[in-house]
Amino acid sequence: MLVPPWLEPLLTTSFFSVCRTHGDAARSECNMYCLDCSGDAFCFYCRSSRHKDHQVIQIRRSSYHDVVRVSEIQKVLDISGVQTYVINSARVLFLNERPQPRTGKGVAHICEICGRSLLDPFRFCSLGCKLVGIKRNGDANFTLEAKNEEVMGRREGISSRRSSLREEEELREGSQQDIYPPTPSPPPSSARRRKGIPHRAPFGS
């Protein structure tokens, strides 16, 4: 399963309408979404009464577009390849594609699906575009299990390469020891000490 069942309903949900039940309350805008129920958006008070023990994320708005904080969505979704932005000191990503009239010249990075210019070398501008890319090409996924397996496989590959390098180094050192045996230490010197110059006794007068 490359896409969790709640993602497509999330991307098609309308947010920020006034809650019918708590319309007179201060926090009555419907900016919550339950991943367990996959229903309509609801407000802060509905969460406390109907979704207390469920997985719930909060949707925010930036320039009339829906965004979600990376710190929330990355716990339940693999967001690799999606451009993120820092808005109001929080890192977020957009739920759906944002219309862009024309891509300017000299743009280094663009979304593979909608062609929107990107700040960094990512593949998609939003979760919606990544979903389209998965359905079209199948070379990405949203599931954290697949991401964890990929990370584990990468780590195992690195550790196996390191162990093989260590084995090659040990074999290299062993072969060098066989080719170049240790030089024996020189024997102790047996040369005798040189005697002093002899002196004759003086003649008697």
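For clarity, every value in this text was computed on a predicted model and none was experimentally measured.

**Digging into the packing of aromatic side chains**
Here the distance between the centres and the angle between the planes together describe a pair of aromatic rings. By the definition in use, this model includes three aromatic pairs. When the ring of F15 is compared with that of Y33, the centres are 6.3 Å apart and the planes differ by 70 degrees; the resulting orientation is edge-to-face. Taken together, the residues span a long stretch of sequence, with F15 in the loop between helix 1 (7-11) and strand 1 (32-34) and Y33 in strand 1 at a distance of 18 residues. When its relative accessible area of 8% is taken as the criterion, F15 is described as buried. The exposure class of Y33 is buried, given its relative accessible area of 0%. When the centroid spacing of 5.3 Å and the interplanar angle of 80 degrees are considered together, the rings of F44 and Y45 count as edge-to-face. Stacked on the ring of F44, the Lys or Arg R27 has its end atom at 3.9 Å from the ring centre. Above the ring of F94, the side-chain terminus of R98 is found at 3.7 Å from the ring centroid.

**Structural notes on the side chain of T13**
The residue T13 is located in the loop between helix 1 and strand 1 in this model. Overall, the relative accessible area of 15% leaves T13 in the buried class. Within the structure, T13 has its side chain in polar contact with the backbone oxygen of P9 (distance 2.5 Å). Once residues within four sequence positions are removed from consideration, T13 is found in contact with Y33, G39, D40 and A41.

**Notes on the pairing of strand 5 (residues 90-94)**
Of all five residues in strand 5, four are buried; the element is thus mostly enclosed. With three bridges joining them, strand 3 (residues 65-69) and strand 5 adopt antiparallel strand pairing. Residue R69 lies in a different strand from strand 5, and its bridge partner there is V92. Strand direction decides the pairing type here: strand 4 (residues 85-87) and strand 5, joined by three bridges, are antiparallel. For Y85, the partnering residue across the bridge sits in strand 5 and is V92. Where strand 4 folds back onto strand 5 in an antiparallel hairpin, the turn is made up of two residues, including N88, whose phi is positive at roughly 55 degrees.

**Some details on the pattern of salt bridges**
Under the definition given, this model contains five salt bridges. Among the salt bridges present, the one from R123 reaches E112, with a minimum N-O distance of 2.9 Å. Of this pair, R123 sits in the loop between strand 7 (117-118) and helix 4 (127-137) while E112 sits in the loop between strand 6 (109-110) and strand 7, and the two are eleven residues apart along the sequence. R123 sits in the partly exposed class, given a relative accessible area of 24%. A residue is classified by how much of its surface remains accessible, and E112, at 41% relative accessible area, is partly exposed.

**Section: the pairing of strand 3**
Pairing between strand 2 (residues 56-62) and strand 3: four bridges, direction antiparallel. Of the residues in strand 3, the one forming a bridge with R61 is D66. Hairpin remark: strand 2 followed by strand 3, antiparallel, with two residues in the connecting loop; positive phi at S63, about 55 degrees.

Rules and cut-offs
- Residues numbered from 1 in each chain as written.
- Predicted model: local features only at pLDDT ≥ 70, side-chain atom pairs only at ≥ 80, totals over all residues.
- Heavy atoms only, no water.
- Phe/Tyr/Trp six-rings, centres within 6.5 Å; stacked < 30°, edge-to-face > 60°.
- Helix = DSSP H or I, 4+ residues; strand = E, 2+ residues; numbered from the N terminus.
- Buried < 20%, exposed > 50% of the residue type's maximum accessible area, 1.4 Å probe, protein only.
- Lys NZ or Arg CZ within 6 Å of the ring centre and 35° of its normal.
- Polar contact = N/O pair within 3.5 Å; in protein donor to acceptor, adjacent residues only side chain to side chain.
- Contact = heavy atoms within 4.5 Å.
- Pairing = 2+ DSSP bridges.
- Salt bridge = Lys/Arg side-chain N within 4 Å of Asp/Glu carboxyl O.

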